[in-house]
Amino acid sequence: MAHVETHDPNTPLEYRSETGRLNILGFWIFLGAEIALFATLFATYMVLTHRIADGPALGELFEVKSLLIQTFLLLTSSFTCGLAVHEMRRHNVKGLMLWMIITLGLGLGFLYFEIQEFLHFIHEGANIGTSAAWSGFFVLVGTHGAHVTFGIFWVTMVLIQVAKRGLTPATSAKVFITSLYWHFLDVVWIFIFTAVYLMGMVMHHG
Amino acid sequence: MKWDEFFVTGDPLIYGADVSIVLTMVGILFYLTRYKKWKWLWTEWLTTVDHKKLGIMYIVSAVLMLFRGGVDALLMRTQLAVPDAKFLDSQHYNEIFTTHGTIMIIFMAMPFLIGLINVVVPLQIGARDVAYPYLNAVSFWTFFIGAMLFNISFVIGGSPSAGWTSYMPLASNELSPGPGQNYYLWGLQIAGIGTLLTGINFLVTILKMRAPGMTLFRMPMFTWSSLVTMVIIIFAFPILTVALALMSFDRLFGSHFFTLQGEGMDMLWANLFWLWGHPEVYIVILPAFGMFSEIISTFSRKTLFGYKAMIWSMLLIAGYSFLVWVHHFFTMGSGAAVNSVFSITTMAIGIPTGVKIFNWLFTMYRGKIQFTTPMLWSLGFIVNFVVGGVTGVMLAMAAADYQYHNTYFLVSHFHYVLIAGTVFACFAGLIYWYPKMFGYKLNERIGKWVFWLFTIGFNVCFMPQYFLGLDGMPRRVYTYSEESGWGPLNMVSTIGGFMMGIAFLVLVYNMYYSFRFAKRETTGDAWDGRTLEWSTPSAMPPFYNFAKIPEITGLDHFWRQKQAGKVEKLTAKDIKKIHMPSNSGVPFIMGSFFFVLGFGFVFDWIWMAILGGIGVIGTLIYRSFEYDDGYYVSEEEVIETEKISK
C-alpha cells in the first residue's frame, strides 16, 4: 500500500513510505518471534548440556582460538553493517555497497570457521547423534549458522536490487530490515558465546 | 517402497474413502471444465489477496475439516457404543483419535477463527485491507497445504497414531515407524508458518491500520480479542516450530532430543509441546470470547458491560496462558512443589474468565434481548462453558487430578470448553457475519433446529463421559469389557454424538436452503449492528471495503450515529481514488512447493524435499525482485460501485 507522501526532509528514506514503515514494524515483531524460537533452543540446550551419554563432554572439544575468530568476525560484521546503514542515510550508494559487501565477507568468514569447527567436532567423534548434549549443541548453533547463511543470500539479493534501482523508499526499507536481521544474529551469537562456549569450557576445565 | 506400502490397503473403510475421494475429485474437475470455471477459480480465488475472500476460503476449509474430524469422532463413538466391539482394531482406533484431535484443533478450530478474523477485523477497524495482503495469502496457502498434507495420510502411507500430543518415546521411529508420524510433524510445521505470519500480519494491522479516531480503547471487543490472540500466537508458535523440528531431527537424522538412547529426555517433548499447547488453547478461545461479546451486546441492544474489565481480563488470561502448562502432566513426576505452583496459576485463570462471564450476564441485564440464532448459541455457550470451566477447576487441583487424569472425565472437560466455547462461537460468528460474507442470512428457523439438535446432542454425548471418567474409564482405549459396566452410558454418549452429526448436516442443508431461498439483504446492516462492519452501504462490502474511511468518535460509533440520526450519506465529492494491492499467484505456487517439500520429508525422500525447498526459495526470490505497488481504483469506478447519483 505505497502512498507517495510529503515528508520532513529529516525522515530517513526507509520510513518515507507507508509500506516501508509497516514492513519495518512487522519485522521487529518477527524478531520477537525469533527470540521465542531461539529461547526455546537455548532452554533445550541448557536442559541437555550434561547428558553426554558415552560421547565427549562439550567443553572437552571447544577451542578458544576458533571461537574467538568467529566472534571477532561476526561482531565486526555487525559494526560494518551499521556503517553501511549510516552511509545509506547519507544517500551514498557506493558507501552502502562497500560496507555491506565487507559485512558479507565477514559473514562468510564466520561461516567458514564455524563449518571448520563442526567438521573438527565430527572428526573428534561428536556429531548430532552422539548424545543429547551434542544434539542440542549442533541444532542451536547450527540454527544460528543457517540464519547467517540465509542472511548472506538475502543481503545479496537486496544489494542487487539497490544496484538496479538505486536508493528508493522501497529498497532502503529492505536494506534497513536486513540490517536489523543481521544485528539480531549478532545478539544471538553473544548468547551462544556465553551460554554455550564459555559456560561449556568453564564447566569442563573449572 | 512397494505400491501396497505407499497406499494404505486392506481395510474396506479406507477403500470406501479412496473411491469417494476419486469421485469427488472427478466431480470437481468435471464441474470446473464443463462450466468453464477454471479462469474464475484462478482469478477470483486462487490468486486473491482480499482479506474477505481469504477469510471465506479459511472458513470453507475449516467446515470441510469439521466434517473430516466429525467423521473420525463418529467412527470412534461407533466402536465404543457397545462393549467388546470389533468395528475398528486398536491400530485403526489409535490413528483415528490422533487425526481427530489434531484436525479439530489445528485444521478446524484455528482456521475457522482466523477465517472470521480475516473477514471481520479489517472491517471493524475501518481499514481497506490488512497490513500485508500478500503475506495473508501466503498464510492461507501454507495452512491449506499443511492441512491437505496431513489429511492424505490415511490413504497414502498411513495416519499418525501417537495421539495429537505425540508423546515421546511413543512417537519415535522405534514405536511409530513409517510415514504416519512424519505427516503430523510436517503438516503442522507447514501450517504453523502460516499461523505465525497471520499473527504478525494482524498485530500490525490492528496497531497501525485503524481508522482515524479509533483509539485502542475504542476498538470493538472482537478486534481486541484478536489483538491479544495474535500476541499469544507470536510467542507460542515458535515453540511448536522448534519442538516439531527437534522431533523431526530425531526421526530423520538420528539426534537424541527426546529419545531413550543417547540420554535424550522424553519429558522435554511434553514440556515443549504444552508450552505451546496451553497458549494454543487460549488462541482458540479468546477470539470466541470476542465474538460472544459482539453478539451479546448487539442482541441485548446495550453497550458491552465492563468494556475495560473485559480487556484487562483478556490480557491477564494471555499472560497466565504461558504459566500453566505443567497441569497437563501433573502425574508425570514433577513433584509436589512444582505441581502446587502450576495448580495455583491454573485456578487463577478462572478469575479473569469469571469476570468475563459476569460481564456478559450484566450486558444482558435489563437489555431488550432478541433470541436470534447467534444469540442462542451465545446463551448456550455461557451455560455449557461454565460446566466445562468448573470441571476444569476440579482438574486443576493437582492431588485430585491423580484421580481424574487420563480418564473420560478429562475428555469430557475439554470437549465442554472447546465445543461449547470455540465451536459454538464458530457457529455463532458464522451465522452472525454470514450476511456480510454472502449477502443473505441463514434461515433462522432451520438455524434454531440446528442449535437445539446440536446443543442437546452435545450434552447427551459428553455429560455421560464425566460419569464414565469418575467410574474409571480411561481415555484412548479402543474397547472395554462387558463387566466394566460402562456399556449403557457409552451407548447414550454415542447417540448424542450422532445427534451432533445430524445437526451438522442440517447446518449444511441450511447453507444450501438459504442460498436458494433466503431474502437478499438490501442494506449493509443486517442485524441493526453497532460496529463499523455494518456501516457499509451494500450488504457485502466492495473489495475496497470503505469508499470513504470513517472518522471514529467513540465506542460503538456506528450505533451512536444511528441513534442520533446522523449516519453519513456519501456524496460524489467524498470520493477519492483508492489504492489497492494487486492479486498474485505466487502464494499458491509457493504453497504447492511446500507440499512437495513436506511430502518428500514424510517419506524420507530427501531429493524431493530439496526440490520443494528450492521451489519455495525460488518463489521468495521472485517476490523480492517483483516491485508491484498495487493499483488505483478510479473515482468513477468507486462512484459506480457505491451507486452514488451525481
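For the structure, check the block above.
Worth saying up front: this structure is predicted, and the values here are computed from it rather than measured.

Peer 1: How do you make sense of the overall build of chain B when you look at a structure like this?
Peer 2: The number of helices and strands found in chain B is 20 helices and two strands. Its C-alpha atoms give chain B a radius of gyration of 25 Å, within 12% of the compact-globule value 26 Å for 646 residues. Principal-axis analysis of the C-alpha atoms gives chain B an extent of 75 × 60 × 45 Å. Counting only residues that meet the buried cut, chain B has 60% of its 646 residues in that class. In chain B, the proportion of contacts linking residues at least 24 apart, taken out of those at least 6 apart, comes to 82%. With an accessible surface of roughly 25,400 Å², chain B has 69% of that area assigned to carbon and sulfur atoms. When the 42 positive and 39 negative side-chain charges of chain B are each reduced to one mean point, those points stand 14 Å apart.

Peer 1: Got a minute to help me understand a nonpolar patch on the surface in this structure?
Peer 2: All names here are of chain B. Where nonpolar side chains cluster on the molecular surface, the patch consists of Phe 253, Ile 606, Trp 607, Ile 610, Leu 611 and Ile 614 and spans about 630 Å² of accessible area. For the nonpolar patch, the element with the highest residue contribution is helix H19 (residues 606-625), accounting for five residues. Structurally, Ile 614 can be placed in helix H19. The exposed category is assigned to Ile 614, whose relative accessible area is 53%.

Peer 1: Just checking my understanding: could you explain the nonpolar core for this structure?
Peer 2: Nonpolar side chains in soluble globular proteins tend to end up buried together. Among the nonpolar cores identified, the biggest contains 250 residues, and Phe 137 and Tyr 197 of chain A together with Phe 107, Trp 269 and Trp 360 of chain B are the most heavily contacted of them. Leave out the neighbours within four places in its chain, and Tyr 197 of chain A touches Phe 62, Leu 67, Glu 117, Phe 137, Val 141, Trp 189 and Ile 192 of chain A. Counting residues in hydrophobic clusters, the runner-up holds 13 residues, among them Leu 75, Ile 96, Tyr 408 and Val 411 of chain B.

Peer 1: Could you clarify how one ought to interpret the side chain of Ser 343 of chain B in this entry?
Peer 2: Residues and elements named next belong to chain B. Looking at where Ser 343 falls in the secondary structure, it is placed in helix H11 (residues 336-364). A residue is classified by how much of its surface remains accessible, and Ser 343, at 7% relative accessible area, is buried. Ignoring anything within four residues of it in the chain, the contact list for Ser 343 reads Phe 330, Ala 396, Met 397 and Ala 398.

Peer 1: Can you help me understand helix H6 (residues 169-205) of chain A in this one?
Peer 2: Helical geometry: 3.6 residues make up each α-helical turn, so side chains three or four residues apart lie on a common side. Compared with the 54 Å implied by 1.5 Å per residue over 37 residues, the 52 Å span of H6 of chain A between its first and last C-alpha is a close match. The largest bend along H6 of chain A reaches roughly 30° and is located at Phe 193 of chain A.

Peer 1: Help me out: how do you make sense of the pattern of salt bridges in this one?
Peer 2: Any two side chains of opposite charge can pair, given that their charged atoms come close. All names here are of chain B. For the coordinates displayed, the defined rule picks out eleven salt bridges over all chains. Salt-bridge contacts for Asp 528 lead to Arg 301; the nearest nitrogen and oxygen are separated by 3.2 Å. Taken together, the residues Asp 528 in the loop between helix H16 (487-517) and helix H17 (557-563) and Arg 301 in the loop between helix H9 (266-300) and helix H10 (307-320) connect sequence positions 227 residues apart. Between Arg 530 and Asp 556 there is a salt bridge whose closest N-O contact spans 3.0 Å. Of this pair, Arg 530 sits in the loop between H16 and H17 while Asp 556 sits in the loop between H16 and H17; the two residues are 26 residues apart in sequence, bridging distant segments of the chain.

Peer 1: I tried to follow the packing of aromatic side chains on my own but got confused; where do I start?
Peer 2: For any pair of aromatic rings, the description rests on two quantities: the centre-to-centre distance and the angle between the ring planes. The final tally for this structure, using the stated rule, is 93 aromatic pairs over all chains. Between Trp 42 of chain B and Phe 588 of chain B, the ring centres sit 5.8 Å apart and the planes meet at 85°, which makes this aromatic pair edge-to-face. With Trp 42 of chain B in helix H3 (residues 38-46) and Phe 588 of chain B in helix H18 (residues 586-602), this pair connects stretches of sequence that are 546 residues apart. Ring geometry for Tyr 432 of chain B against Trp 433 of chain B: centres 4.9 Å apart, planes inclined by 65°, an arrangement best described as edge-to-face. Looking at Tyr 432 of chain B, the relative accessible area reads 0%, which means it is buried. When its relative accessible area of 0% is taken as the criterion, Trp 433 of chain B is described as buried. Taken together, the ring pairs in this structure connect Trp 377, Tyr 404, Phe 409, Tyr 416, Phe 424, Phe 427, Phe 451, Trp 452, Phe 454, Phe 458, Phe 462 and Tyr 466 of chain B into an aromatic cluster. The aromatic ring of Tyr 627 of chain B is capped on one face by Arg 165 of chain A, whose charged end is 3.6 Å from the ring centroid. Geometry around Tyr 134 of chain B places Arg 623 of chain B over its ring, the cationic atom sitting 3.6 Å from the centre.

Conventions and cut-offs
- Residues numbered from 1 in each chain as written.
- Chains lettered and ligands numbered in written order.
- Predicted model: local features only at pLDDT ≥ 70, side-chain atom pairs only at ≥ 80, totals over all residues.
- Heavy atoms only, no water.
- Helix = DSSP H or I, 4+ residues; strand = E, 2+ residues; numbered from the N terminus.
- Rg over C-alpha atoms; globule rule 2.2 N^0.38 Å.
- Buried < 20%, exposed > 50% of the residue type's maximum accessible area, 1.4 Å probe, protein only.
- Contact = heavy atoms within 4.5 Å.
- Areas by Shrake-Rupley, 256 points an atom, 1.4 Å probe, with all protein chains shown as cover.
- Lys, Arg positive; Asp, Glu negative; His and termini not counted.
- Charge placed at Lys NZ, Arg CZ, Asp CG, Glu CD.
- Patch = residues over 30% accessible without salt bridge, like charges linked within 9 Å, V, L, I, M, F, W, Y side chains within 5 Å.
- Salt bridge = Lys/Arg side-chain N within 4 Å of Asp/Glu carboxyl O.
- Core = buried A, V, L, I, M, F, W, Y, C linked by side-chain atoms within 4.5 Å.
- Expected span 1.5 Å × (residues − 1).
- Bend = angle between axes of the 7 residues up to and from the residue.
- Phe/Tyr/Trp six-rings, centres within 6.5 Å; stacked < 30°, edge-to-face > 60°.
- Lys NZ or Arg CZ within 6 Å of the ring centre and 35° of its normal.

So yeah, pure geometry; function would need other evidence.
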